[in-house]
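Inside the fold
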Amino acid sequence: MWRKLRYALFCGLLERPSPPILCQRVRLSGPFSTCSDSTWSLVSTSDMGNRYQRDKVLSDSGSKSLVRIGKSVLSRCFYLCEKKADTSVEESSLQDILRVYADISPETTRRFWRVSVLRPEDFLEILLGIGNGDCSLRKVEFLLKLFRWAKKQSADFDHLPRSYEVMISVLIRAQMYEDAESLLLGVESREIFSNSAPLFSGIIQGYAEDCKLEKAMVLFDKARERGTVPSASCFQSLLSLLAKKKKVELVTKVYMDMIKVGLASYSQDFILKIVIVGLTKNERILEAITLLRQLRCSGTEASHFALSAIAEGLCKKKDFEDMFNFLEEWGHAPDVHICNKIISSLCIDLGIQESWSFMQRMEVLGFKSDAITFSILICHSCRARKLRDGYIYLSECLSRGIVPTVYIYNALISAGFMEGLHRHANDVFEDMLEKGIMPDQTTFKILLAGYCKYRKFDEVKRVLIDMRNRCLTSLTSLEDSLSKALIFLGLDHLKVKIKRDNNVGIPRSEFFDCLGNGLYLDTDVEEYETSLAGILDSAIVPGFDSQLMRGNDKVNIQIALKTKDELTQWGQNLSLSTYSKLFRHLCATPHHLKEAICLLDDIPESLELLDGETLNLLLKNLSKNGMVAPAMMILERLFKRKLLVESQSFMELIVGLSKERDIDGLRECCNQAYSSMWLPSSKDLRPLFSSLCRWGLIKEVLELFDRILENCPALVSSLCTSVLKELCMTGYTIVGCILVEELLERNLVMDHAPFVYISMGFLKEQQLVESLGILDILHNKNVTLPINICQHIIPLLLRFNRFEEAIALKESVLARKPDRGYRSLVRQMLLKGLISHALRLKDLIQQKDKLVELNMQHMRIHPDKNTYDFLVHGFHKCGEVIKSVEALDTIIFKGWRPSNRSLRIVICQFCNDGKLEKALELSKLMEHNKWKHGSVIQNELAMALLRCGGLSEAELFLDRVAKKGLIPANIDYNNLIQNLCMHSGIQNAVDLLNVMLKKGNLPSEMSYSSVIHGLCDCKAFDEALDFHAEMLHQNLQPSVEVCNALVNGLCANWRTDDARRILRTMLQYGPPPTYSMYSHVLDCYHLNNNLDKASELLQEMQVAGHSPNFETHWSLISNLSSLEKKSDDGDKSILSGLLCGSRLPVMNSKSKVASAFK
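Residues numbered from 1 in each chain as written. Predicted model: local features only at pLDDT ≥ 70, side-chain atom pairs only at ≥ 80, totals over all residues. Heavy atoms only, no water.

**Thoughts on the packing of helix α35 (residues 663–675) against helix α37 (residues 698–711)**
Across the interface, α35 lies against α37 with an axial gap of 11 Å and an inter-helix angle of 20 degrees. Judged by the angle between their axes, α35 and α37 are roughly parallel. Taken as a pair, α35 and α37 cross one another with a handedness that is left-handed. Here Arg667, Cys670 and Tyr674 of α35 come into contact with α37, specifically with Glu700, Glu703, Leu704 and Arg707. When grouped by side-chain class, the residues that make up the contact of α35 with α37 number three nonpolar, no polar and four charged. (Axes fitted to C-alpha atoms, helices over the stretch in contact; angles between N-to-C directions. Helix = DSSP H or I, 4+ residues; strand = E, 2+ residues; numbered from the N terminus. Parallel < 35°, antiparallel > 145°, perpendicular 65-115°, else oblique. Left-handed = near helix turned anticlockwise from the far one by under 90°. Contact = heavy atoms within 4.5 Å. Nonpolar A, V, L, I, M, F, W, Y, C, P; charged D, E, K, R; others polar.)

**Details of the packing of aromatic side chains**
In total, this model carries 18 aromatic pairs according to the counting rule given. Ring pairing ties together the aromatic residues Phe123, Phe147 and Tyr164, which thus form one cluster. Its guanidinium or amino end placed over the ring of phenylalanine 305, lysine 273 lies 4.7 Å from that ring's centre, counting from NZ or CZ. Cation over ring: arginine 361 sits above phenylalanine 324, and NZ or CZ is 4.5 Å from the ring centre. (Phe/Tyr/Trp six-rings, centres within 6.5 Å; stacked < 30°, edge-to-face > 60°. Lys NZ or Arg CZ within 6 Å of the ring centre and 35° of its normal.)

**As for empty space enclosed by the protein**
Taken as a whole and judged by the stated rule, the model has three cavities of 30 Å³ or more. Approximately 40 Å³ is the volume found for the largest cavity. In this structure, the largest cavity is lined by His876, Val881, Ser884, Val885, Ile905, Val906 and Gln909. Contributions of two or more residues to the lining of the largest cavity are made by α49 (881–893) and α50 (900–912). Looking at side-chain class alone, the lining of the largest cavity contains four nonpolar, three polar and no charged residues. (1 Å grid on protein atoms, 1.4 Å probe; cavity = no way out; pocket = protein on both sides within 12 Å on 5 of 7 lines; lining within 4 Å. Points joined across faces, edges and corners; volume = space filled by probe spheres on them.)

**Points about the environment of isoleucine 535**
Note that isoleucine 535 resides in helix α27 (residues 525–538). Look past the residues within four positions of isoleucine 535 in its chain and what remains in contact with it is Lys445, Ala449, Leu489 and Leu491.

**Digging into the pattern of salt bridges**
Using the criterion set out here, one finds 45 salt bridges in the structure. Taking the shortest distance from any N to any O, the salt bridge between arginine 190 and aspartate 158 comes out at 2.4 Å. Here the residue arginine 190 occupies a position in the loop between α9 (177–188) and α10 (197–209), and aspartate 158 occupies one in the loop between α7 (137–151) and α8 (161–173), the gap between them amounting to 32 residues. Owing to a relative accessible area of 40%, arginine 190 belongs among the partly exposed residues under this scheme. Relative accessible area serves as the criterion here: at 27%, aspartate 158 is assigned to the partly exposed category. Here the salt bridges share partners, and the residues they tie into one network are Arg111, Arg119, Glu121, Asp122 and Glu125. (Salt bridge = Lys/Arg side-chain N within 4 Å of Asp/Glu carboxyl O. Buried < 20%, exposed > 50% of the residue type's maximum accessible area, 1.4 Å probe, protein only.)

**What to know about the UniProt feature "repeat: PPR" (unreviewed entry) in the protein**
The UniProt record marks residues 196–230, 370–404, 405–439, 440–474, 864–898, 1004–1038, 1039–1073 and 1074–1108 with the feature "repeat: PPR" (unreviewed entry), using the residue numbering of this structure. This span, residues 370–404, is 74% helix and 0% strand, and a straight line between its end C-alpha atoms measures 9 Å. What you have in residues 1039–1073 is 77% helix and 0% strand, and the ends, taken at the C-alpha atoms, are 10 Å apart. (UniProt positions renumbered as here; feature names shortened; annotations may be inferred.)

Rendered as C-alpha cells:
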C-alpha cells in the first residue's frame, strides 16, 4: 500500500507546482528540514483567511468527484480484511509463523524450528508456555494464528480439550470476546469440557464490562439453556450493566435466576433495590416477598430499603393487614418518610385511631416519629371534626420534645373557627408565636377568613396590621380593611359592603358595632358563608402543590425539593403542570440532575408535557455528567415525539457514550443521528472523529464523511485533514492510505500534510520501513517537517544505520529548538559575542563545583540538571574523577535523575579503578529509584564480578535487574553472553540471549556460537541443535568450529543421523563441511555396521569435493562386495557408484547438488 503511495507521490502530486499557500520553508543542511512549531502546519497565518475560498473553488470545480468517497474507501477496506483473513494462515509454514513471532517467547518456540508438523500436545506446550500470565495483543495474535494453522494441517488433526480451554481463556484475558465466543460455541456441543461455566462466565462478563448488552444477554441465555451456571462475578457485571441501562425487567429476570442457582450471598443492595422497586411497581409484591424470604434462608439479610419498599407497595394496594403482618414478620419499621406516608393513607382510609395504633406498633419496632407524623395526625383529626383529639396529639407531640409545625397550628385555628371557637383563635395564635413558630400566609388567610365569618372586623383590621408589619401586605389608613381582607382571600368579586340597619321593616342586623348600631352585610350571604367555610376547610390540610410553585419563575430549588419530599409523606401528588415546571428548573441546574432523574422515575408520563428545549437541555446535561442511559431514553422520546434534536445534543451524547465505553450505544446514536440528517458543527469535527475512531467505528466515520461532503463541499480540505489525522493516530493508517489514494484519484490533495500523517501513523504502528520510505520521499521534495516528527525520526535512522543523516537532523533540530545544558550555553555565549567565556569552558570545568556555580551566576547562567550532567562528562574527559563523582552526587542530592551517560561514566570508572563496592552501591541506588540499567552498566558490573570469581553474584545481579524490569529496550548482552559461557554460566547466558530476543535485539553470531559450544560441553545436544536451527532461521551462519563441535559431540554420543543432518545444512547454508567432519560420521556408521548410510555419505563426501583415504574407501568396498550379487540388473549398485563416483570438488554451499541432500 505504501509503495503505491510512493508512486503517487513521484508521478502525481509531487510533479505539480507547489500551491501558493505553502509557507516559506527553511532549507537546512540535514536530510530533513524542520518547523519551529511542534505541530504540523503548512499554511501560513496570513493565508488562513484564503483557505475557505480555496476550498470553495475546489468544491465548485469538482463537486461530482466528492460523491461517495467514504463508501469507496469502506468497500476497499472490507476487501482487504477478507483477503487477509482468507490467506494469512493457509499460505504460511510453521517456520514462517515462528520467524515473525520469534521474539515473543524464544525459550518456548525454539525447539520447534526443527519440526514441520505440530502435534496436538506440541501446540498445548506452546500455549501453556506463552499463554500463562499477562498476554499482550501480539502474543494472542500469534497463538490464535498458530491455533488455526495447526488445525488446518490435516483433516484428522484436532486440538486437545485443554488447548481449547486455555486458548479461550487467553482470548478472554485479551478482551477478544467475539473470537472466544466463536471458538467456545463451535466445540461446546461436543461436550469436550469438564466445566465450561468459567469460559461462558468470562465472555459474558467481558461483554458486560464493554457495555455490549445484546451480546451478553444472548450468550447468557444460551448458557442457561445448556444448564450452565455463570459465576457470581458474571452475574454481578451483567446486573450492573442492566441497571445502568435501566432494563428493570431484565434485571429482575437475571437477579431471580441468580438467587435460584444458589448465589444469593452475592446479592448487591443497589440491584436488590431495583428489583424490589420494579416488582412493587408492577404489583408483583408476593414475588418480592418470596424473594426476600429466599435471601433470608440463604443467610443474606434483606436491605432496609427493600422492606420499606414492599411495605409501601402493600399500602398502595390498601392491603393494610398484610402490611402489618409483613412488618411484624420481619421486625422492621420502615423509614420515617415511608411510615408517614402509610399513616397518612391510614388516616384517609381507616381513620385516625387506626393510624395512631399503627404508629404505636411501629414504635415497638423502632420507629421514631417526627413533626410531620404529628402534623398528619392532627390535621386529619381536625378535618374529621375531632378537635379534642387534635389537642391530645399536640400535647403528646410537645411531651416528646418535638417542635410542632406551622401546619399543626393552622389546622387547630381553622378547626376552632369551624367549631365556633373563634374566641380562642387568638390564644392559639399567640401560643404559636411564643414557641417561635413563624406564621405563613395560610395562617393569616385562616385568621382573616374566620374573623370575617364571625363578623369580627376589628380583629380583621388587627390581623391586617400584623401582616403589614411582616411585609405580607400593604394597608393605609384610607383603605377599607374589609375590602383589603376580601381581596387577600380572593373574594373581592362578592362586592361585600357593611350597612347599618335603620330598623325599617324586617330587622336585618347581623352584628353590632361598639356603639350598639346594628350592622349587616350587603352581599349574597349564602355564597359569602360558603366561600369562607371552603377556605377554612381547605386550609386544614396543607396544599403543597399550590405552595411549590408559588412565586412564578423565581423558584428556590432547595425549598422546592424539600416541599416536594414533604408532599410525598402526606400522600399527595404533584399536578403535571407543577411537575413540569419544577422539572424545567432542575434541568437548568446541572448539579440537580440526580433529583431530576428521580422526579422522572416518579412520573414518567410527564415527559410528554416537556417541550423540546427542556428535553435537549436535559439530554446535554445528562451526557456531560456520564448519565448516558437516561440520556439515550430522552433521545428516544425526542424522536418518538418528532421534536428537533439539537446538533450539540448529538455531539454531547456521542462524546459521553465514548467516555463510558458504550460502543453499542455509540453506534445506535450515530445511526439515529444519520437518520435525522444531522450534521456536526465545524468545531466539533475533530472531537467527533476522535471519539468514533477511538472505538473502531470506521464505517460510521466514513458515512459521516460522505454526508458532510455532500452537504458542505466547501469543508473538503479541513474535513479530510481531521479524518485522516484521527485515522492515523488511532491505528487505522491503512484506511488513511486508501482515503488518500481516493483523494489523489480525484485531484483533491493540495499539500503534503496527508503524507506526513500517514508516516506518523506507520511510525506509531511500528511499521518502520513504510514510515521511513514516505519520509525519504518528502525529504527529497524539500518538505518541511515539524520538530516532534524529527525527534521520532532520529532513533529510526539510527536503527537503520543511517548515522550521518541522524546527526545532521539532530543538529537541524537543535538549531530550531536549542537544548539546555553546556552545549546550548556555548552556543548562547557565541551568539552574544562572549567568545572569551566560551574558550574558557575547559578552565570552568576544571574549577571546583562551588566556583563553577559562582561563575555561572556571574554570567547570569543558572545551572540545572543538564548542566551538572555535562560537568560529569567534562570532568571525566579531563581526568578529574573525584570532581566527576561529586557532580553526580550533586544531581542526586538535589533530587534530579542523572542522565544515562552520567551513570554510565561513573560506574565504569568505579569498575576500572577496582572500586566494585561503590559501583554496586550506585547500582542499588538505581534499583531503588527504578532507573534502568543500560547495556554498558550491566556488562561492566557483571564482568567485574566475574573477574573477582563471583559467578553466582553476577547471575544474582542479572536476575534481580530482570525481575525488577530495569532492562532497556536496546539492551546488548553479546559480550556478557560469551564471558558467561567461558565461566560455565551457560544457563544464565541462555537467559540473557532470550532477553535480547524479547527486546527485539538479535544476538550476534558469536553469542549463538558460545551458547552452542557451552551446551555441547554439557552434553545438551538437543538444546544445541535447537539453537543451531534458530541461528539459520535468523540468517546467521554458524562457524566451522561450532559445526565441528556439534558433529563431534553427536558422533561421540552415537547420534550419527543428527550429525549427518548438520553436514547437509552446511552444504545448504555454509560453511562447507570439512574432511574431518565427514570422517567422524563415516567412522560412526562403519562402527555401527550401517553400510548403506556409510556408502551414501561417502558419495555426498565425494560430491562435496572430499576424497576418503584409501583404507576407508577399500574397507567399505570390501564389505559391500557381497551385496553386488544381490542387486538387480536394472539398478546401479552401490558398489559401482563408489567405484565410479565423481572426484570433482563442489564447494558452493548453495548449489543444486548440495540442495538435493536436504
